There are 2 protein chains.
Amino acid sequence: MVTAAVRVYDELRSGILDSTFEAGSRLSEDRLARLLGCSRTPVREALRRLSAEGLVELLPNRGAQVVSWSSDDLEDVFRMRALLEGHGAALAAETMDTDEVARLHEIADGMAQLSSDGSQSDRDELATLDVEFHRAVLVGSKSRRLLEAHARVVQVPLHQRVMRSYSPAQLQQRMVHHQELVRAIQLGDADWAASVMRAHILSALNILLEGG
Amino acid sequence: MVTAAVRVYDELRSGILDSTFEAGSRLSEDRLARLLGCSRTPVREALRRLSAEGLVELLPNRGAQVVSWSSDDLEDVFRMRALLEGHGAALAAETMDTDEVARLHEIADGMAQLSSDGSQSDRDELATLDVEFHRAVLVGSKSRRLLEAHARVVQVPLHQRVMRSYSPAQLQQRMVHHQELVRAIQLGDADWAASVMRAHILSALNILLEGG
DNA sequence: AGGCCGGGCATTGTATACAACGCTGGGGTG
DNA sequence: CACCCCAGCGTTGTATACAATGCCCGGCCT
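In this text, all values refer to a predicted model and were calculated from it rather than measured experimentally.

**Considerations on the packing of aromatic side chains**
To describe a pair of aromatic rings, one takes the distance between the centres and the angle between the planes.
Point 1. All chains considered together, the criterion is met by 0 aromatic pairs over all chains.
Point 2. Seen from the ring of Phe78(B), Arg81(B) lies directly overhead, with NZ or CZ sitting 5.6 Å from the centre.

In C-alpha coordinates, the structure reads:
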(Lines give C-alpha, C1' and ligand atoms only; values in the text may rest on other atoms or scores of the structure.)
Protein backbone atom coordinates (compact mmCIF):
# COMPACT_ATOMS: atom_id res chain seq x y z
CA MET A 1 0.00 0.00 0.00
CA VAL A 2 1.17 3.49 -0.79
CA THR A 3 0.89 5.74 2.23
CA ALA A 4 -0.75 9.14 2.18
CA ALA A 5 2.58 10.75 3.08
CA VAL A 6 4.19 9.35 -0.07
CA ARG A 7 1.25 10.46 -2.18
CA VAL A 8 1.46 14.00 -0.81
CA TYR A 9 5.21 14.00 -1.34
CA ASP A 10 4.81 12.97 -4.98
CA GLU A 11 2.11 15.55 -5.63
CA LEU A 12 4.08 18.35 -4.05
CA ARG A 13 7.30 17.36 -5.75
CA SER A 14 5.87 17.18 -9.23
CA GLY A 15 3.88 20.32 -8.52
CA ILE A 16 7.06 22.16 -7.66
CA LEU A 17 9.04 20.74 -10.59
CA ASP A 18 6.40 21.75 -13.11
CA SER A 19 5.88 25.12 -11.39
CA THR A 20 2.29 24.53 -10.30
CA PHE A 21 3.65 25.71 -6.99
CA GLU A 22 5.67 28.75 -7.92
CA ALA A 23 9.10 29.51 -6.54
CA GLY A 24 8.84 31.62 -3.40
CA SER A 25 5.21 30.79 -2.65
CA ARG A 26 4.20 29.80 0.86
CA LEU A 27 2.93 26.31 1.60
CA SER A 28 0.67 26.14 4.64
CA GLU A 29 0.28 22.67 6.14
CA ASP A 30 -3.39 23.19 6.80
CA ARG A 31 -4.15 24.50 3.33
CA LEU A 32 -2.29 21.63 1.65
CA ALA A 33 -4.01 19.10 3.89
CA ARG A 34 -7.44 20.32 2.82
CA LEU A 35 -6.31 20.59 -0.80
CA LEU A 36 -5.04 17.01 -0.87
CA GLY A 37 -7.76 15.53 1.32
CA CYS A 38 -5.80 14.30 4.29
CA SER A 39 -4.70 15.50 7.71
CA ARG A 40 -1.69 17.68 8.46
CA THR A 41 0.43 14.75 9.63
CA PRO A 42 1.33 13.31 6.20
CA VAL A 43 1.68 16.83 4.81
CA ARG A 44 4.21 17.64 7.52
CA GLU A 45 6.16 14.52 6.70
CA ALA A 46 6.21 15.31 2.99
CA LEU A 47 7.30 18.91 3.59
CA ARG A 48 10.12 17.79 5.88
CA ARG A 49 11.32 15.38 3.23
CA LEU A 50 11.18 18.01 0.50
CA SER A 51 13.09 20.33 2.77
CA ALA A 52 15.82 17.72 3.28
CA GLU A 53 16.06 17.44 -0.49
CA GLY A 54 16.31 21.18 -0.90
CA LEU A 55 13.09 21.78 -2.78
CA VAL A 56 11.41 23.78 -0.04
CA GLU A 57 12.71 25.91 2.78
CA LEU A 58 11.35 25.52 6.31
CA LEU A 59 11.07 28.76 8.24
CA PRO A 60 10.76 27.98 11.97
CA ASN A 61 7.23 28.68 13.17
CA ARG A 62 6.59 30.34 9.84
CA GLY A 63 5.97 27.43 7.55
CA ALA A 64 7.38 26.18 4.27
CA GLN A 65 8.27 28.07 1.16
CA VAL A 66 9.21 26.85 -2.33
CA VAL A 67 12.88 27.68 -2.90
CA SER A 68 13.88 30.17 -5.57
CA TRP A 69 16.87 29.79 -7.87
CA SER A 70 19.29 32.61 -8.53
CA SER A 71 21.63 32.40 -11.53
CA ASP A 72 24.45 31.76 -9.05
CA ASP A 73 22.48 28.74 -7.87
CA LEU A 74 22.09 27.55 -11.45
CA GLU A 75 25.81 27.81 -12.00
CA ASP A 76 26.49 25.95 -8.77
CA VAL A 77 24.11 23.18 -9.77
CA PHE A 78 25.57 22.73 -13.24
CA ARG A 79 29.14 22.70 -11.94
CA MET A 80 28.15 20.06 -9.43
CA ARG A 81 26.48 18.09 -12.18
CA ALA A 82 29.64 18.29 -14.29
CA LEU A 83 31.67 17.01 -11.34
CA LEU A 84 29.33 14.21 -10.30
CA GLU A 85 28.24 13.05 -13.73
CA GLY A 86 31.74 13.34 -15.16
CA HIS A 87 32.94 11.01 -12.44
CA GLY A 88 29.89 8.80 -12.97
CA ALA A 89 30.61 8.53 -16.69
CA ALA A 90 34.17 7.43 -15.95
CA LEU A 91 32.97 4.76 -13.54
CA ALA A 92 30.25 3.71 -15.97
CA ALA A 93 32.83 3.24 -18.73
CA GLU A 94 34.64 0.83 -16.44
CA THR A 95 31.75 -1.14 -15.03
CA MET A 96 28.67 -0.93 -17.26
CA ASP A 97 27.55 -4.24 -18.71
CA THR A 98 26.30 -4.91 -22.24
CA ASP A 99 22.61 -4.68 -21.40
CA GLU A 100 23.01 -1.35 -19.71
CA VAL A 101 24.97 0.06 -22.65
CA ALA A 102 22.28 -1.22 -25.01
CA ARG A 103 19.63 0.59 -22.98
CA LEU A 104 21.70 3.76 -23.13
CA HIS A 105 22.02 3.41 -26.87
CA GLU A 106 18.28 2.92 -27.12
CA ILE A 107 17.51 6.12 -25.24
CA ALA A 108 20.06 8.11 -27.23
CA ASP A 109 18.60 6.84 -30.53
CA GLY A 110 15.07 7.63 -29.42
CA MET A 111 16.15 11.16 -28.56
CA ALA A 112 17.93 11.59 -31.88
CA GLN A 113 14.73 10.70 -33.74
CA LEU A 114 12.60 13.06 -31.67
CA SER A 115 15.07 15.90 -32.04
CA SER A 116 14.63 16.21 -35.80
CA ASP A 117 11.17 17.69 -35.31
CA GLY A 118 10.68 20.90 -33.38
CA SER A 119 7.26 20.65 -31.76
CA GLN A 120 6.88 21.61 -28.14
CA SER A 121 5.47 18.27 -27.03
CA ASP A 122 8.50 16.57 -28.56
CA ARG A 123 10.73 18.90 -26.61
CA ASP A 124 9.00 17.93 -23.37
CA GLU A 125 9.36 14.29 -24.23
CA LEU A 126 13.02 14.96 -24.91
CA ALA A 127 13.41 16.51 -21.49
CA THR A 128 12.06 13.36 -19.89
CA LEU A 129 14.32 11.12 -21.95
CA ASP A 130 17.30 13.35 -21.20
CA VAL A 131 16.75 12.92 -17.47
CA GLU A 132 16.46 9.18 -18.03
CA PHE A 133 19.64 9.07 -20.08
CA HIS A 134 21.76 10.89 -17.53
CA ARG A 135 20.30 8.80 -14.77
CA ALA A 136 21.08 5.58 -16.62
CA VAL A 137 24.73 6.58 -16.82
CA LEU A 138 24.85 7.17 -13.07
CA VAL A 139 23.11 3.89 -12.35
CA GLY A 140 25.80 2.29 -14.49
CA SER A 141 28.46 3.76 -12.24
CA LYS A 142 27.28 1.38 -9.51
CA SER A 143 27.94 3.97 -6.82
CA ARG A 144 24.88 4.33 -4.62
CA ARG A 145 26.16 7.49 -3.00
CA LEU A 146 26.97 9.12 -6.31
CA LEU A 147 23.41 8.47 -7.42
CA GLU A 148 22.02 9.89 -4.19
CA ALA A 149 24.22 12.97 -4.22
CA HIS A 150 23.19 13.63 -7.81
CA ALA A 151 19.49 13.20 -7.08
CA ARG A 152 19.77 15.80 -4.32
CA VAL A 153 21.61 18.31 -6.46
CA VAL A 154 19.49 18.08 -9.57
CA GLN A 155 16.27 19.54 -8.27
CA VAL A 156 15.96 22.30 -10.78
CA PRO A 157 12.39 22.72 -11.96
CA LEU A 158 13.74 23.86 -15.28
CA HIS A 159 14.33 20.76 -17.32
CA GLN A 160 11.55 21.46 -19.78
CA ARG A 161 12.41 25.11 -20.09
CA VAL A 162 16.07 24.35 -20.69
CA MET A 163 15.24 21.77 -23.33
CA ARG A 164 12.93 24.21 -25.10
CA SER A 165 15.57 26.91 -25.12
CA TYR A 166 17.98 25.06 -27.42
CA SER A 167 18.14 26.12 -31.05
CA PRO A 168 17.77 23.26 -33.58
CA ALA A 169 21.54 23.35 -34.17
CA GLN A 170 22.29 23.25 -30.46
CA LEU A 171 19.90 20.37 -30.03
CA GLN A 172 21.60 18.41 -32.79
CA GLN A 173 24.93 19.12 -31.18
CA ARG A 174 23.70 17.75 -27.88
CA MET A 175 22.51 14.56 -29.55
CA VAL A 176 26.02 14.16 -30.93
CA HIS A 177 27.37 14.50 -27.39
CA HIS A 178 25.12 11.66 -26.28
CA GLN A 179 26.21 9.38 -29.08
CA GLU A 180 29.82 10.21 -28.39
CA LEU A 181 29.34 9.45 -24.72
CA VAL A 182 27.74 6.09 -25.42
CA ARG A 183 30.66 5.22 -27.68
CA ALA A 184 33.20 6.17 -25.03
CA ILE A 185 31.42 4.06 -22.43
CA GLN A 186 31.10 1.17 -24.85
CA LEU A 187 34.83 1.29 -25.51
CA GLY A 188 35.56 1.51 -21.78
CA ASP A 189 37.45 4.77 -22.19
CA ALA A 190 36.87 6.34 -18.77
CA ASP A 191 38.79 9.58 -19.34
CA TRP A 192 37.09 10.26 -22.63
CA ALA A 193 33.66 9.52 -21.19
CA ALA A 194 34.28 11.90 -18.30
CA SER A 195 35.50 14.66 -20.59
CA VAL A 196 32.55 14.34 -22.94
CA MET A 197 30.11 14.37 -20.05
CA ARG A 198 31.68 17.42 -18.43
CA ALA A 199 31.75 19.33 -21.71
CA HIS A 200 28.16 18.32 -22.41
CA ILE A 201 26.92 19.67 -19.11
CA LEU A 202 29.03 22.81 -19.02
CA SER A 203 27.91 23.72 -22.53
CA ALA A 204 24.32 23.54 -21.29
CA LEU A 205 25.26 25.99 -18.57
CA ASN A 206 26.80 28.34 -21.12
CA ILE A 207 23.71 28.24 -23.30
CA LEU A 208 21.56 28.94 -20.26
CA LEU A 209 23.59 31.88 -19.04
CA GLU A 210 23.93 33.46 -22.47
CA GLY A 211 20.35 32.84 -23.54
CA GLY A 212 18.77 33.96 -20.25
CA MET B 1 13.38 28.22 21.52
CA VAL B 2 14.74 24.86 20.43
CA THR B 3 11.96 22.46 19.50
CA ALA B 4 11.69 18.94 20.87
CA ALA B 5 12.12 17.53 17.37
CA VAL B 6 15.53 19.20 17.04
CA ARG B 7 16.57 18.01 20.47
CA VAL B 8 15.61 14.42 19.63
CA TYR B 9 17.41 14.70 16.30
CA ASP B 10 20.60 15.88 18.00
CA GLU B 11 20.46 13.15 20.63
CA LEU B 12 19.88 10.42 18.09
CA ARG B 13 22.50 11.72 15.70
CA SER B 14 25.28 11.98 18.25
CA GLY B 15 24.15 8.68 19.74
CA ILE B 16 24.55 7.01 16.37
CA LEU B 17 27.87 8.69 15.57
CA ASP B 18 29.42 7.64 18.89
CA SER B 19 27.84 4.18 18.63
CA THR B 20 25.55 4.48 21.65
CA PHE B 21 23.00 3.22 19.17
CA GLU B 22 24.79 0.35 17.47
CA ALA B 23 24.71 -0.24 13.74
CA GLY B 24 21.84 -2.50 12.82
CA SER B 25 19.84 -1.94 15.99
CA ARG B 26 16.14 -1.21 15.73
CA LEU B 27 14.74 2.12 16.82
CA SER B 28 11.10 1.98 17.88
CA GLU B 29 9.33 5.34 17.87
CA ASP B 30 7.46 4.52 21.03
CA ARG B 31 10.55 3.36 22.93
CA LEU B 32 12.54 6.44 21.90
CA ALA B 33 9.66 8.72 22.83
CA ARG B 34 9.57 7.33 26.36
CA LEU B 35 13.36 7.31 26.58
CA LEU B 36 13.60 10.96 25.59
CA GLY B 37 10.51 12.13 27.43
CA CYS B 38 8.33 13.35 24.60
CA SER B 39 5.61 12.05 22.30
CA ARG B 40 6.12 10.06 19.13
CA THR B 41 5.55 13.07 16.90
CA PRO B 42 8.96 14.74 17.34
CA VAL B 43 10.63 11.34 17.32
CA ARG B 44 9.05 10.56 13.97
CA GLU B 45 10.26 13.86 12.57
CA ALA B 46 13.80 13.25 13.78
CA LEU B 47 13.87 9.72 12.38
CA ARG B 48 12.62 10.91 9.00
CA ARG B 49 15.34 13.53 8.92
CA LEU B 50 18.04 11.02 9.87
CA SER B 51 16.72 8.73 7.18
CA ALA B 52 17.01 11.47 4.57
CA GLU B 53 20.60 11.95 5.68
CA GLY B 54 21.32 8.27 5.39
CA LEU B 55 22.03 7.56 9.06
CA VAL B 56 19.02 5.31 9.59
CA GLU B 57 16.97 3.14 7.30
CA LEU B 58 13.17 3.24 7.35
CA LEU B 59 11.54 -0.14 6.81
CA PRO B 60 7.89 0.39 5.84
CA ASN B 61 5.60 -0.62 8.69
CA ARG B 62 8.64 -2.15 10.37
CA GLY B 63 10.33 0.87 11.87
CA ALA B 64 13.77 2.42 11.74
CA GLN B 65 17.13 0.77 11.92
CA VAL B 66 20.61 2.22 12.30
CA VAL B 67 22.44 1.66 9.01
CA SER B 68 25.41 -0.68 8.88
CA TRP B 69 28.50 -0.07 6.80
CA SER B 70 30.01 -2.74 4.62
CA SER B 71 33.57 -2.34 3.39
CA ASP B 72 32.09 -1.65 -0.05
CA ASP B 73 30.18 1.23 1.54
CA LEU B 74 33.37 2.53 3.12
CA GLU B 75 35.10 2.46 -0.23
CA ASP B 76 32.17 4.23 -1.86
CA VAL B 77 32.21 6.92 0.82
CA PHE B 78 35.93 7.57 0.58
CA ARG B 79 35.86 7.72 -3.20
CA MET B 80 33.03 10.23 -3.00
CA ARG B 81 35.01 12.21 -0.46
CA ALA B 82 38.03 12.22 -2.77
CA LEU B 83 35.86 13.49 -5.61
CA LEU B 84 33.97 16.15 -3.65
CA GLU B 85 36.80 17.37 -1.46
CA GLY B 86 39.32 17.28 -4.31
CA HIS B 87 37.02 19.58 -6.26
CA GLY B 88 36.43 21.66 -3.14
CA ALA B 89 40.16 22.09 -2.59
CA ALA B 90 40.57 23.32 -6.16
CA LEU B 91 37.78 25.85 -5.73
CA ALA B 92 39.15 26.86 -2.34
CA ALA B 93 42.56 27.52 -3.85
CA GLU B 94 40.89 29.93 -6.24
CA THR B 95 38.52 31.71 -3.93
CA MET B 96 39.61 31.44 -0.28
CA ASP B 97 40.46 34.76 1.35
CA THR B 98 43.35 35.49 3.71
CA ASP B 99 41.37 35.07 6.92
CA GLU B 100 40.06 31.70 5.88
CA VAL B 101 43.54 30.47 4.96
CA ALA B 102 44.84 31.72 8.30
CA ARG B 103 42.13 29.74 10.06
CA LEU B 104 43.09 26.65 8.08
CA HIS B 105 46.73 27.14 9.04
CA GLU B 106 45.72 27.48 12.66
CA ILE B 107 43.83 24.19 12.68
CA ALA B 108 46.64 22.37 10.87
CA ASP B 109 49.20 23.68 13.36
CA GLY B 110 47.04 22.71 16.29
CA MET B 111 46.73 19.22 14.91
CA ALA B 112 50.47 18.95 14.30
CA GLN B 113 51.14 19.77 17.96
CA LEU B 114 48.60 17.26 19.22
CA SER B 115 49.88 14.53 16.94
CA SER B 116 53.31 14.32 18.58
CA ASP B 117 51.76 12.69 21.63
CA GLY B 118 49.90 9.40 21.34
CA SER B 119 47.26 9.43 24.07
CA GLN B 120 43.75 8.35 23.19
CA SER B 121 42.09 11.57 24.25
CA ASP B 122 44.46 13.46 21.96
CA ARG B 123 43.45 11.18 19.13
CA ASP B 124 39.78 11.95 19.73
CA GLU B 125 40.55 15.65 19.79
CA LEU B 126 42.44 15.16 16.53
CA ALA B 127 39.40 13.50 14.99
CA THR B 128 37.30 16.55 15.84
CA LEU B 129 39.89 18.95 14.45
CA ASP B 130 40.26 16.83 11.32
CA VAL B 131 36.55 17.13 10.62
CA GLU B 132 36.81 20.86 11.19
CA PHE B 133 39.80 21.16 8.86
CA HIS B 134 38.16 19.35 5.98
CA ARG B 135 34.97 21.29 6.51
CA ALA B 136 36.85 24.59 6.48
CA VAL B 137 38.26 23.76 3.06
CA LEU B 138 34.79 23.06 1.70
CA VAL B 139 33.41 26.24 3.22
CA GLY B 140 36.24 28.02 1.43
CA SER B 141 35.05 26.59 -1.86
CA LYS B 142 31.96 28.83 -1.58
CA SER B 143 29.75 26.19 -3.15
CA ARG B 144 26.71 25.63 -0.99
CA ARG B 145 25.75 22.47 -2.82
CA LEU B 146 29.19 20.98 -2.56
CA LEU B 147 29.06 21.50 1.18
CA GLU B 148 25.63 19.92 1.41
CA ALA B 149 26.50 16.95 -0.76
CA HIS B 150 29.59 16.36 1.37
CA ALA B 151 27.69 16.60 4.64
CA ARG B 152 25.30 13.92 3.43
CA VAL B 153 28.01 11.57 2.27
CA VAL B 154 30.25 11.82 5.29
CA GLN B 155 28.06 10.25 7.90
CA VAL B 156 30.42 7.50 8.91
CA PRO B 157 30.38 6.99 12.67
CA LEU B 158 34.00 5.98 12.44
CA HIS B 159 35.97 9.19 12.64
CA GLN B 160 37.39 8.43 16.04
CA ARG B 161 38.14 4.83 15.22
CA VAL B 162 39.89 5.77 11.99
CA MET B 163 41.98 8.40 13.73
CA ARG B 164 43.03 5.92 16.41
CA SER B 165 44.02 3.35 13.83
CA TYR B 166 46.89 5.37 12.37
CA SER B 167 50.42 4.44 13.38
CA PRO B 168 52.55 7.37 14.63
CA ALA B 169 54.36 7.46 11.29
CA GLN B 170 51.09 7.46 9.35
CA LEU B 171 49.76 10.23 11.56
CA GLN B 172 52.84 12.37 10.91
CA GLN B 173 52.45 11.73 7.21
CA ARG B 174 48.87 12.92 7.34
CA MET B 175 49.92 16.11 9.10
CA VAL B 176 52.35 16.72 6.27
CA HIS B 177 49.46 16.33 3.80
CA HIS B 178 47.55 19.02 5.64
CA GLN B 179 50.45 21.45 5.62
CA GLU B 180 51.02 20.76 1.95
CA LEU B 181 47.37 21.36 1.22
CA VAL B 182 47.34 24.67 3.07
CA ARG B 183 50.38 25.75 1.09
CA ALA B 184 48.77 24.81 -2.23
CA ILE B 185 45.63 26.75 -1.34
CA GLN B 186 47.67 29.72 -0.14
CA LEU B 187 49.53 29.78 -3.46
CA GLY B 188 46.28 29.47 -5.37
CA ASP B 189 47.42 26.32 -7.13
CA ALA B 190 44.08 24.62 -7.75
CA ASP B 191 45.38 21.49 -9.47
CA TRP B 192 47.97 20.85 -6.81
CA ALA B 193 45.45 21.38 -4.02
CA ALA B 194 43.05 18.94 -5.64
CA SER B 195 45.74 16.32 -6.11
CA VAL B 196 46.97 16.59 -2.55
CA MET B 197 43.44 16.34 -1.18
CA ARG B 198 42.58 13.32 -3.29
CA ALA B 199 45.77 11.51 -2.35
CA HIS B 200 45.23 12.39 1.31
CA ILE B 201 41.76 10.87 1.35
CA LEU B 202 42.51 7.82 -0.77
CA SER B 203 45.51 7.00 1.42
CA ALA B 204 43.16 6.97 4.41
CA LEU B 205 41.00 4.48 2.55
CA ASN B 206 44.02 2.28 1.87
CA ILE B 207 45.06 2.31 5.50
CA LEU B 208 41.50 1.42 6.49
CA LEU B 209 41.16 -1.47 4.08
CA GLU B 210 44.57 -2.91 4.86
CA GLY B 211 44.38 -2.41 8.59
CA GLY B 212 40.80 -3.68 8.97
C1' DA C 1 2.90 62.37 13.96
C1' DG C 2 5.78 58.64 15.22
C1' DG C 3 6.90 54.88 17.89
C1' DC C 4 5.85 51.44 21.26
C1' DC C 5 2.89 48.12 23.37
C1' DG C 6 -0.51 44.43 23.50
C1' DG C 7 -4.00 41.43 21.98
C1' DG C 8 -5.88 38.72 18.21
C1' DC C 9 -5.00 35.64 14.47
C1' DA C 10 -2.76 32.47 11.58
C1' DT C 11 0.47 29.05 11.73
C1' DT C 12 3.45 25.61 13.37
C1' DG C 13 4.72 22.35 17.33
C1' DT C 14 3.24 18.52 20.32
C1' DA C 15 0.37 15.04 22.47
C1' DT C 16 -2.81 11.46 22.16
C1' DA C 17 -6.24 8.24 20.29
C1' DC C 18 -7.28 5.11 16.97
C1' DA C 19 -6.74 2.52 12.43
C1' DA C 20 -4.02 -0.33 9.44
C1' DC C 21 -0.42 -3.17 8.46
C1' DG C 22 2.88 -7.09 8.94
C1' DC C 23 5.20 -10.33 11.61
C1' DT C 24 5.11 -14.32 14.73
C1' DG C 25 3.84 -18.20 17.11
C1' DG C 26 0.62 -21.79 18.23
C1' DG C 27 -2.67 -25.04 16.85
C1' DG C 28 -4.66 -27.74 13.49
C1' DT C 29 -4.37 -30.73 9.31
C1' DG C 30 -2.41 -33.51 5.60
C1' DC D 1 6.60 -34.58 11.10
C1' DA D 2 6.11 -30.71 8.05
C1' DC D 3 3.24 -27.22 6.41
C1' DC D 4 -0.37 -23.88 6.49
C1' DC D 5 -3.55 -20.73 8.46
C1' DC D 6 -5.18 -17.33 11.53
C1' DA D 7 -5.43 -14.72 15.61
C1' DG D 8 -2.87 -11.74 18.62
C1' DC D 9 0.48 -8.27 19.21
C1' DG D 10 3.72 -4.84 18.31
C1' DT D 11 4.66 -1.40 15.27
C1' DT D 12 3.95 2.31 12.16
C1' DG D 13 0.42 5.44 9.72
C1' DT D 14 -3.17 8.95 10.26
C1' DA D 15 -6.45 12.09 12.36
C1' DT D 16 -7.57 15.41 15.62
C1' DA D 17 -7.24 18.42 19.67
C1' DC D 18 -4.69 21.58 22.05
C1' DA D 19 -0.44 24.44 23.24
C1' DA D 20 3.00 27.68 21.82
C1' DT D 21 4.98 30.82 18.81
C1' DG D 22 5.48 34.85 15.89
C1' DC D 23 3.37 38.31 12.99
C1' DC D 24 0.20 42.10 12.21
C1' DC D 25 -2.57 45.81 13.24
C1' DG D 26 -4.93 49.03 16.08
C1' DG D 27 -4.75 51.95 19.99
C1' DC D 28 -2.27 54.54 23.23
C1' DC D 29 1.37 57.37 24.97
C1' DT D 30 4.87 60.83 24.24
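So much for the structure itself; the text now carries on.
**Topic: the interface of chain B and chain A**
Point 1. Listed per partner, the contact involves 19 residues of chain B and 19 residues of chain A.
Point 2. Summed over both partners, the interface of chain B with chain A comes to about 1800 Å²; 56% of that surface belongs to carbon and sulfur atoms.
Point 3. By the criterion of area lost to chain A, the three top residues of chain B are Leu83(B), Arg145(B) and Arg152(B), representing 32% of everything that side buries.
Point 4. For the pair chain B and chain A, the interface holds 8 salt bridges.
Point 5. Residue Glu45(A) is joined to Arg48(B) by a salt bridge in which the shortest nitrogen-to-oxygen separation is 3.2 Å.
Point 6. Taken together, the links from chain B to chain A amount to 14 residue pairs in polar contact (both at pLDDT 80 or more).
Point 7. Contributing elements (two or more residues each) for the side of chain B that touches chain A: α3 (40-52), α4 (71-95) and α7 (144-153) of chain B.
Point 8. Here the element with the most residues in the side of chain B that touches chain A is α4(B); it accounts for 7 residues.
Point 9. Considered class by class, the residues forming the side of chain B that touches chain A number 9 nonpolar, 2 polar and 8 charged.

**Some details on the protein's contact with DNA strand C**
Point 1. Within the structure, DNA strand C sits among 20 residues, and Arg40(A), Arg48(A), Ala4(B), Ser39(B) and Thr41(B) are positioned closest to it.
Point 2. What you see for DNA strand C is that sugar and phosphate hold 64% of its atoms within 4 Å of the protein.
Point 3. Between DNA strand C and the protein, one listed contact pairs a phosphate oxygen with a backbone N or O atom of Glu29(A) at 3.2 Å.
Point 4. A distance of 3.3 Å separates a phosphate oxygen of DNA strand C from a polar side-chain atom of Arg44(A).
Point 5. Elements that contribute at least two residues to the surface near DNA strand C include exactly α3 (40-52) of chain A together with α1 (4-17) and α3 of chain B.
Point 6. In terms of residue class, the surface near DNA strand C is made up of 6 nonpolar, 7 polar and 7 charged.

**Focus: the pairing of strand β2 (residues 56-59) of chain A**
All names here are of chain A.
Point 1. The pairing of β2 with strand β3 (residues 63-66) spans 4 bridges and is antiparallel. What sits directly across from Leu-59, in β3, is Gly-63.
Point 2. Connecting β2 to the antiparallel partner β3 that follows it, the hairpin turn spans 3 residues, and Asn-61 within it adopts a positive phi of roughly 60°.

**Digging into helix α6 (residues 120-140) of chain A**
Residues and elements named next belong to chain A.
Point 1. Along its 21 residues, α6 runs 30 Å from first to last C-alpha, staying within 8% of the 30 Å computed at 1.5 Å per residue.
Point 2. Buried within α6 we find Asp-122, Arg-123, Leu-126, Ala-127, Leu-129, Asp-130, Phe-133, His-134, Ala-136, Val-137, Leu-138 and Gly-140.
Point 3. Next to the buried residues of α6 lie α4 (71-95), α5 (98-114), α7 (144-153), α8 (159-165), α9 (168-187) and α10 (190-211).
Point 4. Where α6 ends, the next residue or the one after it, Lys-142, has phi of about 65°, a positive value.

**Examining the protein's contact with DNA strand D**
Point 1. Near DNA strand D lie 20 residues; those nearest to it are Ala4(A), Ser39(A), Thr41(A), Arg40(B) and Arg48(B).
Point 2. At the protein interface, 65% of the atoms of DNA strand D within 4 Å belong to sugar or phosphate.
Point 3. Between DNA strand D and Ser39(A), the relevant distance is 2.7 Å, taken from a phosphate oxygen to a main-chain nitrogen or oxygen of the residue.
Point 4. Within the side chain of Thr41(A), an N or O atom sits 2.7 Å from a base nitrogen of DNA strand D.
Point 5. Among the residues forming the surface near DNA strand D, the class breakdown is 6 nonpolar, 7 polar and 7 charged.

**Some words on the pairing of β3(A)**
Point 1. Across 2 bridges, strand β1 (residues 26-27) of chain A lies against β3(A) in antiparallel orientation. From the neighbouring strand, Arg26(A) faces β3(A), where its bridge partner is Gln65(A).

**Observations concerning the relation of the copies chain B and chain A**
Look at the two chain copies: a rotation about an axis and a shift along it is all it takes to match them.
Point 1. The transform that puts chain B on chain A rotates by 180° and translates by 0.0 Å along the axis, for an RMSD of 0.2 Å. Taken together, the rotation angle and the small translation identify this as a two-fold axis.
Point 2. Mapped onto chain A, 100% of the interface residues of chain B are again interface residues, and the two copies thus contact each other with one and the same surface.

Conventions adopted
Residues numbered from 1 in each chain as written. Chains lettered and ligands numbered in written order. Predicted model: local features only at pLDDT ≥ 70, side-chain atom pairs only at ≥ 80, totals over all residues. Heavy atoms only, no water. Phe/Tyr/Trp six-rings, centres within 6.5 Å; stacked < 30°, edge-to-face > 60°. Lys NZ or Arg CZ within 6 Å of the ring centre and 35° of its normal. Contact = heavy atoms within 4.5 Å. Buried area = accessible area lost by both parts, 1.4 Å probe. Salt bridge = Lys/Arg side-chain N within 4 Å of Asp/Glu carboxyl O. Polar contact = N/O pair within 3.5 Å; in protein donor to acceptor, adjacent residues only side chain to side chain. Helix = DSSP H or I, 4+ residues; strand = E, 2+ residues; numbered from the N terminus. Nonpolar A, V, L, I, M, F, W, Y, C, P; charged D, E, K, R; others polar. Near = heavy atom within 4 Å. Pairing = 2+ DSSP bridges. Expected span 1.5 Å × (residues − 1). Buried < 20%, exposed > 50% of the residue type's maximum accessible area, 1.4 Å probe, protein only. Least-squares fit on C-alpha atoms with pLDDT ≥ 70 in both.

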